[in-house]
Amino acid sequence: MHTFLPELSTLVTTLKPYWLEYYPNETEQVFQQMESKLQAEQLSIQVYGAYNAGKSTLINVLLGEERAETGEIPTTDRIDIYDWQGYQLLDSPGVNAPIAHEQTSLAALKQNDLILMVIRQDDQDAKDIYERLFACLEEGKQIFIILNYNGLDPNKKGEGGVSLLMDQIYTILLDRAESKDISVEYLQAHVKVLPMQLASALKARQENKALLLSRSGYVEFIHQFEAWVKAYDDEQHFVASITRYLQQHLIVPLLEKCTVETQAESQQIAQAVQQLHLQRDNLIAASMTEARSLVFAQKPKLLQAVQQSETESALQQQLNLIFQTVYQTLNQWVQEHSEQANLSLMQQNVTHTAQPVNKPSENAHEAIDLGVDALKQFNNTDNLKQGLLQLRALKVPFIKGRWESTLSGWAGKAVPFLQVGFALYDLYRENSLQTERNQQQASQALQVHQLVDNISHDVLSQISDDLKKTFYTLFEAPLRLQTEQQHQHNKTVTQREQDYQSISLLAQDLEHFTLA
């Protein structure tokens, strides 16, 4: 049972009286769906796309046998469920299927956060497909796109090659993202795109043809797809999924229903809270961008450390030195940018003038500046001022020892690769080595490279947790102040306004679940 499930269930129960008041006819169905999501024991991946794009074929490829029905006309008018590696694959009616069938898909989309979308070769620029895709993106869903191609050379550039179709998809995604004010970073974090010749992949799976399997694109796909699914199969993402669903399908409809013209003070408080959340989230995003830059810059050193260390202890020492530098630099970055926000508040000056030690990108500067106005208006409040003044002495506690134990574990896993004595891209030398030795070297080099990626990913994951806790702590005082002001204001408003404010507070209560 998930740790936060009882608390989330309690919050859902608290919302039910409001639904009975404002949506009496829809309450039973909505809360049944909510209960199903809370009790889900398996992660579900919804397979989605045009009605004959190859959704069922893709499911058969994953299963290694023909179990999902395929055809040129719509074959699915319901949600068919298939077990795959402990997860559920949901085969749903496609885009542009009969209206009743498509409604079945849309209802399922509300429940699922992982979408495996199939786009066939001739539909790579179909408008309705991208409308559905971006509707999912705006709800925070993760999307893995498979370009189902046929008769094209996967290795050829330009006309007649798969890369041309991939370029078209990327161009459409970027153009639509810009038109909807979705950042490139958000798009990259929520969408993956890979080509695969599904018919060939299915044949290769059934007949166990390794070369055809690789040429079809399946090998690269399954490697990335399994990692993609496993990355979201944990309590943190379960809680994030539940809270997002609660916000979109239980809280937002209530707020829309009971929205009324509020007094100026109520509007000011709500706007202030929104801006505080925005500034906090942008600070987290900007600091993670800096963290990724710092960690990725160390990959050559990591690779060199693995290749040149003679013992596990020597490698452990090298890893500690590499990442201690990263953590110290990041500590200084976070300290400086947090201090800048604090000084701007105390001096009633929203101009961001100080330069960081490691100059962030233009977007990072904008993220730091954004929302300072919202903080500035509270500078005469003693409690808030004391809370923010503590930041002056804050030493962001990234290096707490736990990351060293993580690196120690990775050092142990790296033992088979110590003193490998070769570079990743310098494997086949002058035809002086036998083919078998070249293959062994290539395999070992790829494993070393994957090891370096895994070390970097683990360190970034821990940095992400620490950054969230740091900035949530920083913004706790001003947000608490606003919550107290909201409570006071609720005493003077009408019942409908009180309901609106109470539901808004419940929405804010969802925030702490994201720190799991």
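The rules behind each value
Residues numbered from 1 in each chain as written. Predicted model: local features only at pLDDT ≥ 70, side-chain atom pairs only at ≥ 80, totals over all residues. Heavy atoms only, no water. Buried < 20%, exposed > 50% of the residue type's maximum accessible area, 1.4 Å probe, protein only. Helix = DSSP H or I, 4+ residues; strand = E, 2+ residues; numbered from the N terminus. Pairing = 2+ DSSP bridges. Axes fitted to C-alpha atoms, helices over the stretch in contact; angles between N-to-C directions. Parallel < 35°, antiparallel > 145°, perpendicular 65-115°, else oblique. Contact = heavy atoms within 4.5 Å. Nonpolar A, V, L, I, M, F, W, Y, C, P; charged D, E, K, R; others polar. Expected span 1.5 Å × (residues − 1). Arc of directions from axis to C-beta. Left-handed = near helix turned anticlockwise from the far one by under 90°. Phe/Tyr/Trp six-rings, centres within 6.5 Å; stacked < 30°, edge-to-face > 60°. Salt bridge = Lys/Arg side-chain N within 4 Å of Asp/Glu carboxyl O. pLDDT = per-residue confidence, 0-100. Core = buried A, V, L, I, M, F, W, Y, C linked by side-chain atoms within 4.5 Å.

Q: Any chance you could explain the pairing of strand β1 (residues 44-49) here in plain terms?
A: If a strand is regular, its side chains alternate between the two faces of the sheet. A large share of β1 lies buried, amounting to six of its six residues. Neither face of β1 is open: one carries S44, Q46 and Y48, the other I45, V47 and G49, and all of them are buried. Note: β1 against strand β3 (residues 87-91), four bridges, orientation parallel. Opposite I45, over in β3, you have L89 as the bridge partner. Of the pairings in the sheet, the one linking β1 to strand β4 (residues 114-120) comprises five bridges and is parallel in character. Following the sheet pairing, I45 is matched in β4 by L114.

Q: It is not clear to me how the packing of helix α2 (residues 27-39) against helix α11 (residues 235-257) should be interpreted in this structure. Could you clarify?
A: Any two packed helices are characterised by how steeply their axes cross, that is the angle between the axes, and by the distance between the axes. Axis separation between α2 and α11 bottoms out at 11 Å; the angle between their running directions is 170°. With respect to their mutual orientation, α2 and α11 come out roughly antiparallel. For the pair α2 and α11, the contacting residues are V30, F31, Q33, M34, K37 and L38 in the first and F238, S241, I242, Y245, L246, H249 and L250 in the second. The class makeup of the residues in the contact of α2 with α11 is nine nonpolar, three polar and one charged.

Q: I tried to follow α2 on my own but got confused; where do I start?
A: Think of an α-helix as turning once every 3.6 residues; residues three or four places apart then point the same way. Taking 1.5 Å of rise per residue, 13 residues should cover 18 Å, and α2 covers 18 Å from first to last C-alpha, within 8% of that figure. When we look at burial in α2, the residues that qualify are T27, V30, F31, M34, K37 and L38. Angular distribution of buried residues about the axis of α2 spans 115°; they occupy a single face of the element. Turned more than 90 degrees away from the buried face of α2 sit E28 and Q29, all of them exposed.

Q: In this structure, what is going on with the packing of helix α1 (residues 5-22) against α11? I would like to understand it.
A: Viewed as axis vectors pointing N to C, α1 and α11 meet at an angle of 15°, and their least axial separation amounts to 11 Å. In terms of axis orientation, α1 runs roughly parallel to α11. α1 and α11 meet at a crossing whose hand is left-handed. Facing L5, L8, L11, V12, L15, Y18, W19 and Y22 of α1, the residues of α11 in contact are F238, I242, T243, L246, H249, L250, I251, P253, L254 and K257. Split by residue class, the contact of α1 with α11 holds 15 nonpolar, two polar and one charged.

Q: Looking at this structure, how should I read the packing of aromatic side chains?
A: By the definition in use, this model includes eleven aromatic pairs. Between W19 and F31, the aromatic rings sit 6.2 Å apart at their centres with planes inclined by 80°, giving edge-to-face as the arrangement. Placement of W19 in helix α1 and of F31 in helix α2 is noted, with a sequence separation of twelve residues between them. Here W19 and F31 have matching classes, each one buried. Between W84 and F225 the ring centres are 5.2 Å apart and the planes differ by 40°, which places this aromatic pair in the tilted class. Remark: F225 occurs in helix α10 (residues 218-231) and W84 occurs in strand β2 (residues 80-84); sequence separation between them is 141 residues. With relative accessibility at 0%, the residue F225 sits in the buried group. By way of ring pairs, the aromatic residues W84, Y87, F144, Y218, F221, F225, W228 and Y232 are connected into one cluster.

Q: I tried to follow the side chain of Q88 on my own but got confused; where do I start?
A: Tracing the backbone through its elements, the reader meets Q88 in strand β3. In contact with Q88, other than residues within four places in its own chain, are Q42, L43, S44, I45, I81, Y82 and D83.

Q: It is not clear to me how the sheet that holds strand β5 (residues 142-148) should be interpreted in this structure. Could you clarify?
A: Strand pairs in the sheet, formed through backbone hydrogen bonds, run parallel or antiparallel to each other. If you trace the six strands from one edge of the open sheet to the other, you get β2-β3-β1-β4-β5-β6, paired in mixed fashion. A single partner strand is all that each edge strand has here, and the edge strands are β2 and β6 (191-196). Across the sheet, the mean angle from the axis of one strand to that of its neighbour is 25°, orientation sign disregarded. One ladder, built from seven bridges, connects β4 with β5; its direction is parallel. Paired with V118 across the strands is I146, a residue of β5.

Q: Can you walk me through the pattern of salt bridges in this structure?
A: Opposite charge on two side chains allows them to pair when their charged atoms are near. Throughout the structure, instances matching the rule amount to nine salt bridges. Salt-bridge contacts for E139 lead to K141; the nearest nitrogen and oxygen are separated by 3.8 Å. The exposure class assigned to E139 is partly exposed, which follows from its relative accessible area of 27%. Taking the relative accessible area as the measure of exposure, K141 reaches 2% and is therefore buried. One salt bridge in this structure joins R280 and D281, with 3.2 Å as the shortest N-O distance. Given the relative accessible area of 2%, R280 is considered buried. One network of salt bridges, in which partners are shared, links K37, D113, E139, K141 and R244.

Q: Is there a simple way to explain the confidence of the model for the chain in this structure?
A: The predicted coordinates of low-pLDDT regions are not to be read in fine detail. Per-residue confidence for the chain gives a mean pLDDT of 75, with 72% of residues at or over 70. Residue range residues 343-402 is modelled with pLDDT below 50. Its contacts to residues more than four positions away, or to other chains, number 114 contacts. Considering only residues more than four positions removed or in separate chains, one finds that residues 419-432, a stretch of pLDDT under 50, has 28 contacts.

Q: Got a minute to help me understand the nonpolar core in this structure?
A: When a protein is soluble and globular, its nonpolar side chains tend to lie buried together. Counting residues in each nonpolar core, the largest one holds 61 residues, and the members touching the most others are L116, L173, F221 and F225. Ranked by residue count, the leading element in this core is helix α6 (residues 162-179), at seven residues. The contact partners of F221, leaving out residues within four places of it in the chain, are L58, L62, L116, F144, I146, L194 and M196. Listed in part, the 36 residues of the second largest apolar core include L294, L303, W333 and L474.

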